[in-house]
Amino acid sequence: MVRSLVQSGSDVWSNYDPCEGVEPTLPLWTYLSEVQFPVFSRPDKPSLVSMMITSESAPQWPHYKELLRPTGTRKLQQVQRIPFTDFVRATREYLDVALRDVFLENENMVREEVSTTLHLPSRGAFVDYGDDDVSFLSNIENEDDLSAVMEHYVLRTASECIRLIQKLPPLAPMSRALDFKLSNHLCTAHHARWDIFALPSDASNIVPVVILFIPPWNFTHTDFEEFLMEQGFRDGSLDTLEDEDNRKSHTLWAVLQDICRSRGHRFVVTNYLRWAYGLFEDDYMTANVTDSYEVSVRDFDGKFNSTLAIGCNPIEFLVYWIQRSRGMAHSGND
């Protein structure tokens, strides 16, 4: 549950008229612009804080035989970088219009200062995590729990922001079309290091946008930067996956192409702490991808890390990228 955190002089009070008894409400842009991710703990893994500062690579991944293909199957030849300024500008231009006069609302679309459907904390609001939330996030036991963190806390919040932007009733079919589902069947591998989330199909794409989630202890910042490098692939390298020095990177590009080819073009890759956004061109021979952007994390005592201000945060980028995949945002130059 998200509740307004109102301080003296806050803009949230600007429309408050005590004579009319109108309670202040929280603008969605305030919540979204300062959103944070809850810290979670898994006893058998390094802490999230340590993963944010490590410069080491994760342990090597196995050679997934299920992903091997005849030479020439996968068409991807090069990875190009989406210019940072173009991506931020396009996102900002969309959000500045989309978030005008959008406030927290209850299930009856009545403005309130409490939301039961936004699950990420924010510096402009606080989250009433119950004992069950605290217990769950403090003791993540397995990969299924990790998937639940992504689906319930992160992706559901992004989807709810879009529902509020589009002013959709909670149970409307178009609202359900915003719900990400765990979709590992799109590319199976034994003991895969990743989970796959996808939006339901629409009139244009079987998979409008896919999210590839790899836990940070399996995919560090160093691994992420290697994956995002502008690079070319020699013929067959993404089919045989024999390059051990680039196994993580090549494996993920192979998985993304297998998921997206003939199904859609847009994708997101995240290790929870960092997020990157990309798309395949129509022939799937070129992929365009952004830098990776770091989230701000917050523990249950209210302590949080500060990230570099770049104009947007990963959830704002995600909202924009989802809307681009659905044809609901202008193209910009990304």
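Residues numbered from 1 in each chain as written. Predicted model: local features only at pLDDT ≥ 70, side-chain atom pairs only at ≥ 80, totals over all residues. Heavy atoms only, no water.

Visitor: Help me understand the pairing of strand β12 (residues 286-289) in this model?
Guide: Along a regular strand, successive side chains alternate from one face of the sheet to the other. Alternating residues of β12 divide into Thr 286 and Asn 288 and Ala 287 and Val 289, and every residue in both groups is buried. Pairing analysis gives three bridges linking strand β11 (residues 274-280) to β12, with the strands arranged antiparallel. For Phe 280, the partnering residue across the bridge sits in β12 and is Ala 287. Remark: five residues form the turn of the hairpin made by β11 and β12, two consecutive strands paired antiparallel; Tyr 284 in that turn has positive phi of roughly 60°. (Buried < 20%, exposed > 50% of the residue type's maximum accessible area, 1.4 Å probe, protein only. Helix = DSSP H or I, 4+ residues; strand = E, 2+ residues; numbered from the N terminus. Pairing = 2+ DSSP bridges.)

Visitor: I keep staring at the packing of helix α5 (residues 143-166) against helix α10 (residues 314-325) and nothing clicks. Help me out?
Guide: When two helices pack together, you describe them by how their axes are tilted relative to each other and by the distance separating the axes. It is the contact of α5 with α10, at a shortest axis distance of 10 Å, that shows an interaxial angle of 60°. Between α5 and α10, the angle falls in the class oblique. Classified by chirality, the crossing of α10 by α5 is right-handed. For the pair α5 and α10, the contacting residues are Val 154, Leu 155, Ala 158, Cys 161, Ile 162, Ile 165 and Gln 166 in the first and Ile 315, Leu 318, Val 319, Ile 322 and Gln 323 in the second. A class-by-class count of the residues in the contact of α5 with α10 yields ten nonpolar, two polar and no charged. (Axes fitted to C-alpha atoms, helices over the stretch in contact; angles between N-to-C directions. Parallel < 35°, antiparallel > 145°, perpendicular 65-115°, else oblique. Left-handed = near helix turned anticlockwise from the far one by under 90°. Contact = heavy atoms within 4.5 Å. Nonpolar A, V, L, I, M, F, W, Y, C, P; charged D, E, K, R; others polar.)

Visitor: Is there a simple way to think about the side chain of Ser 159 in this case?
Guide: Within the secondary structure layout, Ser 159 lies in helix α5. Discounting residues that sit within four places of it in the chain, Ser 159 has contacts with Leu 178, Asp 179 and Phe 180.

Visitor: What is the right way to read the environment of Ser 292 from this model?
Guide: Residue position: Ser 292 is located in the loop between β12 and β13 (293-294). Overall, Ser 292 belongs to the buried group, its relative accessible area being 7%. In sequence terms Ser 292 and Val 269 are 23 residues apart; their C-alpha atoms lie 8.8 Å from each other. In this structure, Ser 292 is in contact with Phe 224, Glu 225, Leu 228, Arg 274, Trp 275 and Ala 276, ignoring residues within four places of it in sequence.

Visitor: Explain the side chain of Gln 36 here, please?
Guide: Here Gln 36 shows up in the loop between α1 (28-33) and β2 (37-38). In this structure the side chain of Gln 36 is engaged in a polar contact, spanning 3.1 Å, whose partner is the side chain of Arg 298. In contact with Gln 36, other than residues within four places in its own chain, are Leu 120, Pro 121, Ser 122, Arg 123, Ser 296, Arg 298 and Phe 304. (Polar contact = N/O pair within 3.5 Å; in protein donor to acceptor, adjacent residues only side chain to side chain.)

Visitor: Help me understand α10, please; the structure alone is not making it clear to me.
Guide: Under the 1.5 Å per step criterion, the end-to-end length of α10 is 16 Å for twelve residues, consistent within 8% with the ideal 16 Å. The buried fraction of α10 amounts to twelve of the twelve residues, a majority that puts the element mostly inside the structure. Every buried residue of α10 is accounted for by Pro 314, Ile 315, Glu 316, Phe 317, Leu 318, Val 319, Tyr 320, Trp 321, Ile 322, Gln 323, Arg 324 and Ser 325. Phi turns positive one or two residues past the end of α10, at Gly 327, with a value near 70°. (Expected span 1.5 Å × (residues − 1).)

Visitor: Even after reading the chapter, I still don't get the pattern of salt bridges, so can you show me in this structure?
Guide: Two side chains that carry opposite charge are able to pair once their charged atoms sit near each other. Overall, the coordinates contain twelve salt bridges when judged by the stated rule. Lys 248 is the partner of Asp 223 in a salt bridge, and the nearest nitrogen-oxygen pair spans 3.5 Å. Remark: Lys 248 occurs in helix α9 (residues 247-260) and Asp 223 occurs in helix α7 (residues 221-228); sequence separation between them is 25 residues. Overlapping salt bridges bring together Arg 42, Asp 44 and Glu 143 as one network. (Salt bridge = Lys/Arg side-chain N within 4 Å of Asp/Glu carboxyl O.)

Visitor: What exactly am I supposed to notice about α5 here?
Guide: An α-helix turns once per 3.6 residues; consequently, residues spaced three or four apart project the same way. Taking 1.5 Å per residue, 24 residues should reach 34 Å; α5 reaches 33 Å between its end C-alpha atoms and fits that length. Along its length, α5 shows its largest kink, about 35°, at Arg 156. Its side-chain oxygen 3.1 Å from the backbone nitrogen of Asp 144, Asn 142 forms the N-cap of α5. Directly after α5, the chain includes Lys 167, whose backbone phi takes a positive value near 55°. (Bend = angle between axes of the 7 residues up to and from the residue.)

Visitor: How do you make sense of the pairing of strand β3 (residues 78-81) when you look at a structure like this?
Guide: Here β3 runs beside strand β9 (residues 231-232); their pairing, made up of two bridges, is antiparallel. Residue Val 79 lies in a different strand from β9, and its bridge partner there is Gln 231. Two elements, β3 and β12, share four bridges in a ladder whose sense is parallel. The residue bridging Gln 78 from the neighbouring strand is Thr 286, located in β12.

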